[in-house]
Structures are given as structure tokens and as C-alpha cells.
Amino acid sequence: TGVLIVFNCAAPFVKEMLAVKGSWLELYVYILAKESGLFSEVYQSVMIGWDLKRRPKFNVENEIDVVLMKQGTPIFMSCKMTGPKPDDLNEIYALADSFGGYGAIPALVTSYNVRKRNITLWNRAKEMGVLLIDYEDLNRKGLMRIFRELQ
């Protein structure tokens, strides 16, 4: 027999965060970054527009899940619940390179165990200079260590 678990959400926002599968990871990284006290700025869901003039039909925008600032260095983080693809690495690399300037750090955070299940992608991230935070470090201790080591 199955077990039925019922709970009430404190606010509609909480229910939405639980329902949208990628949102909780983004919120988790955001909260731990804020709690760490290591960053001068911490933002979630930052929209970036590529066009200088807003053209409703053709305006290209990207959302960066979490943006951090540490000692003048911007860190652009993309959060993925599923196994990331090479395009995910390319996207966060391009956004950090284009909008972060020299020294910006691109990072991909995933609940997928990339080191054990997709070593090719793990190696590609290293070659590209994309910080890949996977299942192995996706806990308070692991993330805090990574946050401290970011330069």
C-alpha cells in the first residue's frame, strides 16, 4: 500500500517553487550564497537583453538563474535539474563572456551526477573553464566550500 502525504503551502509562491522542477535548485543555490556572506551581491533570475533597442518581435533575452559578485568578479550560474547538455555549457559560457567581462566565471549547477554519468561533459566543462557543480557537491558543505574557493 502507498503512503499519502498531505501538506499546506504557506503561500502560493511556495507551491509554485515546488511544482516547477528547476526552480528549487535555483532557490537553493541563491539562499546558500546569501547565507555564506561571501558575496557583495546575490541575484536570482536575472534577465539580460541582447538588443540595445527593444523590438518586440525580435528582442532576444536570456535569464541567468543566479548571479553573484565576489571581490569584483561576477559569477554567472545556470541551474539544471536534468542531465546538462553541451549547449548548456556553451550558453552560460557565452553569457558570462559577453556580459561579465574579463575574469567573469561561468558556472553550471546540476542535480545530475555528471562525474559518474557523463565524464565527456565533465571534461568539456573543464576545458572551457566552466565551473561544473554536480550531484557530488550539491549539499551545504560542498557548495560553501566552492563558494569560498571562487576567485
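As shown above, the structure is provided for reference.
The residue numbers shown here count from 1 along each chain, following its written sequence. Since the coordinates come from a predicted model, pLDDT governs what is reported: local features require at least 70, and pairs of side-chain atoms require 80 or more to be given and counted, while whole-chain, interface and lining totals use all residues. Excluded from the side-chain calculations are hydrogens and water; all other atoms, namely the structure's heavy atoms, are used.

(A) Local environment of the pairing of strand β2 (residues 61-70). With seven of its ten residues buried, β2 lies for the most part within the structure. Any two strands between which DSSP finds at least two bridges are classified as paired. Secondary structure elements follow DSSP: runs of H or I of four or more residues count as helices, runs of E of two or more count as strands, with numbering from the N terminus. Bridge count between strand β1 (residues 41-49) and β2: eight bridges; the pairing is antiparallel. Bridge assignment links valine 46 to a residue of β2, and that residue is isoleucine 64. Of the pairings in the sheet, the one linking β2 to strand β3 (residues 73-80) comprises five bridges and is antiparallel in character. When the sheet's bridge partners are listed, leucine 68 is paired in β3 with isoleucine 75. What sits between β2 and β3 in their antiparallel hairpin is a turn of two residues, with glutamine 71 showing a positive phi close to 50 degrees. Buried means the residue's accessible area, taken with a 1.4 Å probe over protein chains only, is under 20% of the maximum for its type, while exposed means over 50%, and partly exposed covers the values in between.

(B) The packing of aromatic side chains, seen in detail. Pairs were defined over the aromatic rings of Phe, Tyr and Trp, the Trp ring being its six-membered one, requiring ring centres within 6.5 Å. Orientation was assigned from the angle between planes: stacked under 30 degrees, edge-to-face over 60, tilted for the rest. Here the structure, examined in full by the defined rule, presents two aromatic pairs. Consider the rings of tryptophan 24 and tyrosine 28, whose centres lie 6.2 Å apart with planes at 55 degrees: the pair is tilted. In this pair, tryptophan 24 and tyrosine 28 are both assigned in helix α2 (residues 23-36), four residues apart and thus about one turn of the helix distant. Given a relative accessible area of 25%, tyrosine 28 falls into the partly exposed group. Geometrically, the ring pair formed by phenylalanine 39 and phenylalanine 147 is edge-to-face, given 5.2 Å between the ring centres and 85 degrees between the ring planes. Of the two residues, phenylalanine 39 is situated in the loop between α2 and β1 and phenylalanine 147 in helix α6 (residues 140-149); the sequence distance between them amounts to 108 residues. In this structure, phenylalanine 39 and phenylalanine 147 share a single accessibility class: buried.

(C) Just the pattern of salt bridges, in detail. Any carboxyl oxygen of Asp or Glu within 4 Å of a side-chain nitrogen of Lys or Arg constitutes a salt bridge here. In this structure the tally under the stated criterion is seven salt bridges. Aspartate 137 is the salt-bridge partner of arginine 145, the closest N and O atoms lying 2.8 Å from each other. Judged by relative accessible area, arginine 145 falls into the partly exposed class, the value being 32%. Classification of aspartate 137 as buried rests on a relative accessible area of 14%. Through salt bridges with shared partners, a single network forms among Arg115, Asp134, Asp137, Arg145 and Glu149.

The analysis is restricted to geometry; functional conclusions fall outside its scope.
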